[in-house]
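Residues per chain are reported as follows:
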Amino acid sequence: MLDNCTLCGSCINVCRYNALSIERAMIPLEDLKKFEGIIIWGELENKSGQLQFKKVVYELLGKALELNKELNEQISVAVLGPPGISALIDELFYYGTDIVYLCEHELLEDFSNDGYTTVFTSLIIDKKPSIVLYGATIKGRELAPRIAARLNLGLTADCTGLSINKQKQLVQTRPAFGGNIMASILSPYTRPQMATVRPNTFSKVKSKQSKKGIIEKISVKLEKQSIRTKIIEEISSKTESINIEDADILISVGRGIGSKENIKLVHELAQELKGTVSSSRALVELGWTKHPIQVGQSGKTISPKLYIALGISGAIQHLVGMQTSDIIIAINSDPEAPIFKVADFGIIGDLFEIIPQFLKLCRKNKESSL
Amino acid sequence: MKIIVTIKQVPEANKVAVNPETGTLIREGVESILNPFCEYALDMAVKLKIQNPDLNVEIIVISMGPPQAKYALIRCLELGADKAYLLSDRAFSGSDVWATALTLKEGILKKIGNFDLILAGKQAIDGDTAQVPAELAENLGIPHIYYGFDIKIDKKKINVKKETEKGYKVIEVRLPALVTISKGPSTIRRLPSMKDMIEARKKPLEIINAKSLNMDENKIGLNGSFTQVVKIFSPPTKKAGEIIDGNDSINAAEKLFMFLKEKLIV
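The structure contained in this document is the topic of the report that follows. (Residues numbered from 1 in each chain as written. Chains lettered and ligands numbered in written order. Predicted model: local features only at pLDDT ≥ 70, side-chain atom pairs only at ≥ 80, totals over all residues. Heavy atoms only, no water.)

A short note on the nonpolar core
Here is step 1 of the chain: If you look at the biggest cluster of nonpolar residues, it comprises 43 residues, and the most contacted ones within it are Val5 and Leu119 of chain B.
Here is step 2 of the chain: When sequence neighbours within four positions are dropped, the list of residues in contact with Val5 of chain B reads Cys38, Ala41, Leu42, Ala45, Ile59, Ile60, Val61, Ile62 and Leu119 of chain B.
Here is step 3 of the chain: Core analysis: the second largest hydrophobic core is formed by 34 residues, Leu306, Ile331, Phe345 and Leu359 of chain A among them. (Core = buried A, V, L, I, M, F, W, Y, C linked by side-chain atoms within 4.5 Å. Buried < 20%, exposed > 50% of the residue type's maximum accessible area, 1.4 Å probe, protein only. Contact = heavy atoms within 4.5 Å.)

Notes on the pairing of strand E5 (residues 99–104) of chain A
Residues and elements named next belong to chain A.
Here is step 1 of the chain: Within E5, six of the six residues are buried, which leaves it mostly tucked inside the rest of the structure.
Here is step 2 of the chain: What you see with E5 is no split at all: Ile99, Tyr101 and Cys103 on one side and Val100, Leu102 and Glu104 on the other are buried throughout.
Here is step 3 of the chain: Both strand E4 (residues 75–81) and E5 contribute to a ladder of six bridges, which runs parallel. By the bridge assignment, Gly81 is partnered in E5 with Glu104. (Helix = DSSP H or I, 4+ residues; strand = E, 2+ residues; numbered from the N terminus. Pairing = 2+ DSSP bridges.)

A few points about the environment of Arg201 of chain B
All names here are of chain B.
Here is step 1 of the chain: Looking at where Arg201 falls in the secondary structure, it is placed in helix H5 (residues 194–202).
Here is step 2 of the chain: Taking the C-alpha atoms as reference, Arg201 lies 8.1 Å from Leu77; in sequence the two are 124 residues apart.
Here is step 3 of the chain: Aside from chain neighbours lying at most four places away, what touches Arg201 is Ile74 and Glu78.
Here is step 4 of the chain: Only 3.3 Å separates the side chain of Arg201 from the side chain of Glu78, close enough to count as a polar contact. (Polar contact = N/O pair within 3.5 Å; in protein donor to acceptor, adjacent residues only side chain to side chain.)

A closer look at the interface of chain B and chain A
Here is step 1 of the chain: Of the residues lining the interface, 82 residues belong to chain B; the matching set on chain A comes to 86 residues.
Here is step 2 of the chain: Summed over both partners, the interface of chain B with chain A comes to about 7300 Å²; 59% of that surface belongs to carbon and sulfur atoms.
Here is step 3 of the chain: If you look at where chain B meets chain A, you find four salt bridges.
Here is step 4 of the chain: Between Lys162 of chain B and Glu142 of chain A there is a salt bridge, with its nearest N and O atoms 2.4 Å apart.
Here is step 5 of the chain: Counting across the chain B and chain A interface gives 24 residue pairs in polar contact (both at pLDDT 80 or more).
Here is step 6 of the chain: Residue contributions to the side of chain B that touches chain A peak at 11 residues, all from helix H7 (residues 249–262) of chain B.
Here is step 7 of the chain: Classifying every residue of the side of chain B that touches chain A by side-chain character gives 40 nonpolar, 19 polar and 23 charged.
Here is step 8 of the chain: Note that strand E18 (residues 345–348) of chain A and strand E15 (residues 242–245) of chain B share four bridges and pair parallel. Paired with Ile348 of chain A across the bridge in E15 of chain B is Asp245 of chain B. (Buried area = accessible area lost by both parts, 1.4 Å probe. Salt bridge = Lys/Arg side-chain N within 4 Å of Asp/Glu carboxyl O. Nonpolar A, V, L, I, M, F, W, Y, C, P; charged D, E, K, R; others polar.)

Examining the packing of helix H4 (residues 113–127) of chain A against helix H5 (residues 138–151) of chain A
Residues and elements named next belong to chain A.
Here is step 1 of the chain: Put simply, H4 and H5 touch, their axes get as near as 9 Å, and they point 55 degrees apart. Judged by the inter-axis angle, H4 sits oblique to H5. Where H4 crosses over H5, the handedness of that crossing is right-handed. Along the contact surface, H4 presents Asn113, Tyr116, Thr117, Thr118, Phe120, Thr121, Ile124 and Ile125, while H5 presents Glu142, Leu143, Arg146, Ile147, Arg150 and Leu151.
Here is step 2 of the chain: Looking at the contact of H4 with H5 residue by residue, the class counts come to seven nonpolar, four polar and three charged. (Axes fitted to C-alpha atoms, helices over the stretch in contact; angles between N-to-C directions. Parallel < 35°, antiparallel > 145°, perpendicular 65-115°, else oblique. Left-handed = near helix turned anticlockwise from the far one by under 90°.)

Comments concerning H7 of chain B
Here is step 1 of the chain: A rise of 1.5 Å per residue sets the reference length of H7 of chain B, with its 14 residues, at 20 Å; its end C-alpha atoms lie 20 Å apart and thus fit the reference within 8%.
Here is step 2 of the chain: Residues of H7 of chain B that are buried include every one of Ser249, Ala252, Ala253, Leu256, Phe257, Phe259 and Leu260 of chain B, and no others. Buried residues of H7 of chain B fall within an arc of 160 degrees about the axis and therefore sit on the same side. Opposite the buried face of H7 of chain B, by more than 90 degrees, sit the exposed residues Met258 and Glu262 of chain B.
Here is step 3 of the chain: Considering only its buried residues, H7 of chain B is in contact with strand E16 (306–310), strand E17 (327–332), E18 and helix H10 (351–369) of chain A together with E15 of chain B.
Here is step 4 of the chain: Leu264 of chain B sits one or two residues past H7 of chain B and shows a positive phi near 65 degrees. (Expected span 1.5 Å × (residues − 1). Arc of directions from axis to C-beta.)

Things to note about the pattern of salt bridges
Residues and elements named next belong to chain A.
Here is step 1 of the chain: If you walk through the whole model with that rule in mind, you get 31 salt bridges over all chains.
Here is step 2 of the chain: The residue Lys55 makes a salt bridge to Glu59 at a minimum N-O spacing of 3.8 Å. Taken together, the positions of Lys55 and Glu59, both in helix H2 (residues 55–71) and four residues apart, correspond to about one turn of that helix.
Here is step 3 of the chain: We classify Lys55 as partly exposed; its relative accessible area is 28%.
Here is step 4 of the chain: Judged by relative accessible area, Glu59 falls into the buried class, the value being 5%.

As structure tokens, then:
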């Protein structure tokens, strides 16, 4: 029985009497070098009924390719999910993946901390990577610390920068104090070095012309009892198909819009610019917009190519959620609005006058180019 | 029923800056507050206590932090907590996620013992990491659910409404469990009354040092941390953008159009 033990720790979950424990000894420093390679969590999402990899997986691969110039090791992606997902993985090879570790099991169909931690932990113990990266998504932020605690590992959350130093250590840089300071962090004593990375921070890089890579099927041992949470129901809000984290252009609306009806104007602008509408917290609280499209500390952190803030004053809680956008445009009637401090282009004025004029210009431009 | 709420005192985030010469944090004059998400977690505990009078709910708040973190705990006692523990010792300072989660675990097991539910804020507004609760849950061997915004107790189980990227899920879990709270109950919170403040002073608040937790000194604080901060610095400042007067809306719209055209967006 013990011969089959992978030290994944799932038995500890099942035992209700705290009778089991695993003593994990610290790794002697000279053994740290034995850990090699980068594993990325290939997080899947269900987009209108179809499973696909989250954008952040490709962004992590892009970064891994860059890190690998210093390391020259293997880049692998751990894909956990229900049976039948192997068809999805070809795409990964174009973006720099050397090996895909395919972990299929019925119990991995729905994400659970218990199930995913158990399987991923076994994989890490088996493969001994030197770096494991996760998207700092809702799921990544739950999963990574659970694995870190089970394996006694350092973990740096929500990184916006990663590099390799002269000692071949992973330098993990992250914002703190609402983005007012940056901190660079090492995990000198533990392997793998683990980090979650903020989506929309790195760019995806297509590195290969052909799909050539290895798929290694991992035999997954998972018991139903080791998953202690049960999904009773799942409610999708109407705005479900819109994921503002994935949008390249966001038109964001705040209290300055005045009324719920006026939001129509913002949708018109979004349509013209092929953008997506997002919102400040104030409008969600008024019930004019829904929480899934809220930008900011208690909503989503986004980093689109273009962010247009309409009637948003820009409280710090809002700024921390959007200030890494490539281009920021703000229209606000209050010249003192903090949003202007982060704007690349700002107009102090009445959005109800400026936006219709702007839409006219866009339409005229289109006609003349026809 | 025992509900533990883990608490963090944080500096008001928007006031912290880096001294450009020394590269250290300037904390002077920065006020500390109870982390807003921890306050939501406490509100949730209070709501569960009110909703389930038959369960005899006791709300215990626990924090690891400097001596002044006691004021955040006093605030919790004013807002409805029954008992508070502060794990405070110079030896704890410099703790990263791992060392913090381990210290909290020892504090909970050695001072509180059995419990039914742990509530935590979804993240602290200074570090924003959201990693301690999951590590604490793993250390205690209990399941965790992140981003809860409503909880119903059903005997030995709870149903948690959890935010997802698309909406929400209802998740059932057997107690004991840990839930992090992303939004407070929709009831409007009252400010503590003078009576609450006086009552709070009578409630037990115990300050616990490293020695009384009997922890290996290599496992706490900076020594017990697996991550090391090697550098802090100010984020690169963005160069100031162009701000124009929009009184002449036609002109402003044209300038906006040209700006976007330059960026190849229109």
